[in-house]
Amino acid sequence: MSQSVAAQFEIEEKQSRPDIKIGFVLLNRFTLHPVAELIDPIRFAADVAFSSRQIFCQWEWMTLNNQPVISSCGLPVQPTAPLDFATHWDYVVFAGGLLEETRNPTDALLDAVRALHARKIPIITLDSSSFVVAKAGLLDGKRCAVHFTTRDEFKQSFPKVTPVLDQTYISDGGIISCPGGTSIELAVDIIRKHCGEQRASKALKYLMAEPDKPKKPVQKRYKISTINPRYDEDIVQRTIDYMHQHIASPAPLQDITTLMNVSMHQLNQAFLRSTGDTVVVHWRKLRLDHARNLMTNSTASIHDIALRSGFSGASHLITWFRKQYGETPAGFRKRRRAVERLFSPGE
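The sections below set out a description of the structure shown in this document. Note that the structure is predicted; figures quoted are calculated from it, not measured.

1. A short note on the overall build of the chain
Helices and strands together make up the secondary structure of the chain, namely 14 helices and 10 strands. The buried share of the chain, reckoned over its 347 residues, is 48%. A sequence separation of at least 24 residues applies to 66% of the contacts in the chain between residues at least 6 apart. Of the roughly 16800 Å² of accessible surface on the chain, a fraction of 52% belongs to carbon and sulfur atoms.

This is the structure we're talking about:
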């Protein structure tokens, strides 16, 4: 693709929502390594070249008091934006480090973390920031990846949480815990989920990391690309599991309420509490997300993708896709293919 075409494409991209929008909250005395491993692959996936422009992925660096923080190695870091938990982030990352800064979080921080979780925004904990999320009660009954140096204290402080040492990261109930030093794998899975396999591979290539030859022994992971958010209300989770199993052939909602033995009003109220959407809106979003993934990772026609995603045909999918994402499926696919060509020099 020529430079002028790439420049025009960049302008068009800036007019639409990025594939990923991440808010980083740097806690005082945070460790640099896990933060660098998480952001660098995303930085490569964000730009068509090597200029670190936030075209396809966007992020902000924030601190709790909007003032510079000092990393664990003494490097001062200036925030790029005021602290903002209200934005619809795709992820909010809390970067911890030295335990004395995360053992006793303020009530305001705990309330903010709980509010994020209530809005179903995935929270990523790096290093010791898992102590903050556990203190907020969001890890009770869940598994959490921790560093071996903090395991004993974590287990003693939070007996309702299961600390795990042998996994690079764990996604459980909307909390993605990463103990540090392995966050490059988390970053690549985030790119794979939101941007497609090719850009994930390109990020690894540009970082000179070899996915087939891991730096460390292969560890079992709970990949965010294959795990769905879990909901506390059993009726909501069972209904969503059913939706995923029948994505291509959605049954009438009356059939679902009969199967779940609840009224439509009860099911809608449960969904509104857990997801913020009614049943019909949530199911449509799942089907649209499935269609978008197929458009990214397959060559199937729009009509075939519509049928495989539970829509009656191409026009039905186009109508709802435009309402949800602000562009047609064909426009989305054209942009994605152009992105892949930009990320594939010489191919």
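2. Some words on the packing of helix H2 (residues 32–46) against helix H6 (residues 183–195)
Packing of H2 against H6 leaves a shortest axis separation of 7 Å and a crossing angle of 30°. The orientation of H2 relative to H6 falls into the category roughly parallel. As for the relative orientation of H2 and H6, their crossing is right-handed in sense. Counting all contacts with H2, which are made through Pro34, Glu37, Leu38, Pro41, Ile42 and Ala45, the residues of H6 involved are Ser183, Ile184, Leu186, Ala187, Ile190 and Ile191. Grouping the constituent residues of the contact of H2 with H6 by class yields 10 nonpolar, one polar and one charged.

3. Observations concerning the nonpolar core
Ranked by internal contacts, the top residues of the largest apolar core, which has 37 residues, are Cys57 and Trp59. Going through the elements one at a time, strand E1 (20–26), H2, strand E2 (57–62), strand E5 (91–95), strand E6 (123–126), strand E10 (175–178), H6 and helix H7 (197–206) are the ones with two or more residues in this core. For this core, the leading source of residues is H2, giving seven residues. Each residue touching cysteine 57, except ones within four places of it in the same chain, is listed here: Pro18, Ile20, Ile42, Ala45, Ala46, Cys195 and Arg199. Within the second largest apolar cluster, 29 residues are counted, among which are Val113, Val133, Ala134 and Ile175.

4. Structural notes on the sheet that holds E1
On the basis of which strands lie adjacent, the open sheet formed by six strands has the order E2-E1-E5-E6-E10-E9 and mixed pairing. Bordering the open sheet on either side are E2 and strand E9 (170–172), each of which pairs with just one other strand. When strand polarity is set aside, the average angle formed by the axes of neighbouring strands in this sheet is 20°. Across six bridges, the pairing between E1 and E2 is parallel. Residue isoleucine 22 lies in a different strand from E2, and its bridge partner there is tryptophan 59. Each of E1, E2, E5 and E6 touches H2; the most contacted strand, E2, lies at about 145° to it. Those strands touched by helix H3 (residues 107–118) are E5, E6 and E10, and its axis lies near 150° from that of E5.

5. As for helix H9 (residues 253–260)
Residues of H9 that are buried: Ile256, Thr257 and Met260. One face of H9 carries all of its buried residues, which in axial projection span an arc of 95°. Every exposed residue of H9 that faces more than 90 degrees away from the buried side is listed here: Gln254, Thr258 and Leu259. Where H9 is buried, its residues contact helix H8 (234–245), helix H10 (264–275) and helix H11 (279–297). Downstream of H9 by a residue or two, asparagine 261 has a phi angle that is positive, lying close to 60°.

Rules behind the numbers
Residues numbered from 1 in each chain as written. Predicted model: local features only at pLDDT ≥ 70, side-chain atom pairs only at ≥ 80, totals over all residues. Heavy atoms only, no water. Helix = DSSP H or I, 4+ residues; strand = E, 2+ residues; numbered from the N terminus. Buried < 20%, exposed > 50% of the residue type's maximum accessible area, 1.4 Å probe, protein only. Contact = heavy atoms within 4.5 Å. Areas by Shrake-Rupley, 256 points an atom, 1.4 Å probe, with all protein chains shown as cover. Axes fitted to C-alpha atoms, helices over the stretch in contact; angles between N-to-C directions. Parallel < 35°, antiparallel > 145°, perpendicular 65-115°, else oblique. Left-handed = near helix turned anticlockwise from the far one by under 90°. Nonpolar A, V, L, I, M, F, W, Y, C, P; charged D, E, K, R; others polar. Core = buried A, V, L, I, M, F, W, Y, C linked by side-chain atoms within 4.5 Å. Pairing = 2+ DSSP bridges. Arc of directions from axis to C-beta.

Functional significance is not addressed by these values, which are geometric in nature.
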